[in-house]
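# A look at the structure
These are the residues of each chain, in order.
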Amino acid sequence: MAVQIQPQAEYVVAQHKAAETKTASGFYLPDGAKEKPKEAVVVAVGKNVEGIKAGDKIIYKNSYEATEVKQGNDEYTIIYHKNIVATIK
């Protein structure tokens, strides 16, 4: 199913990979202890965003400024483009 969220102007919609459920030493993490990754895959970009396109893997900062949205079973994060600090090749 295609993403039905179209970001405005200078925003990017991204989707996280699933959070780790187990530590490197083999301990399982409860939901409250899982840290949301700061890495995501871009699924849509606003019309004023340059240099980032759908499919890019990104690292962003200030997740408390991001907006979390759930659509069906999928969760997305809407991020201001200036909070994206890097793309991953």
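Look a little higher up for the structure.
Our subject in this report is the structure included herewith. Every value quoted in this text rests on a predicted model; they were computed, and no experiment measured them.

### Re the pairing of strand β2 (residues 39-45)
Direction of pairing for strand β1 (residues 11-16) relative to β2: antiparallel, over a ladder of five bridges. Bridge pairing links Q15 to V41 in β2. Summarising the sheet, β2 and strand β3 (residues 57-60) pair through three bridges and their orientation is antiparallel. Bridging across to β3, A40 finds its partner in I58.

### Quick word on the environment of A54
By secondary structure assignment, the location of A54 is in the loop between β2 and β3. Put simply, A54 and V42 are twelve residues apart on the chain and 4.9 Å apart in space, counted from C-alpha to C-alpha. Aside from chain neighbours lying at most four places away, what touches A54 is V42 and V43.

### Here's the deal with the nonpolar core
Ranked by size, the top nonpolar core spans eleven residues in total: V12, A14, A40, V42, V49, I52, I58, Y60, A66, I79 and I84. When contributions to this core are tallied by element, the ones reaching two or more residues are β1, β2 and β3.

Calculation notes
- Residues numbered from 1 in each chain as written.
- Predicted model: local features only at pLDDT ≥ 70, side-chain atom pairs only at ≥ 80, totals over all residues.
- Heavy atoms only, no water.
- Pairing = 2+ DSSP bridges.
- Helix = DSSP H or I, 4+ residues; strand = E, 2+ residues; numbered from the N terminus.
- Contact = heavy atoms within 4.5 Å.
- Core = buried A, V, L, I, M, F, W, Y, C linked by side-chain atoms within 4.5 Å.
- Buried < 20%, exposed > 50% of the residue type's maximum accessible area, 1.4 Å probe, protein only.

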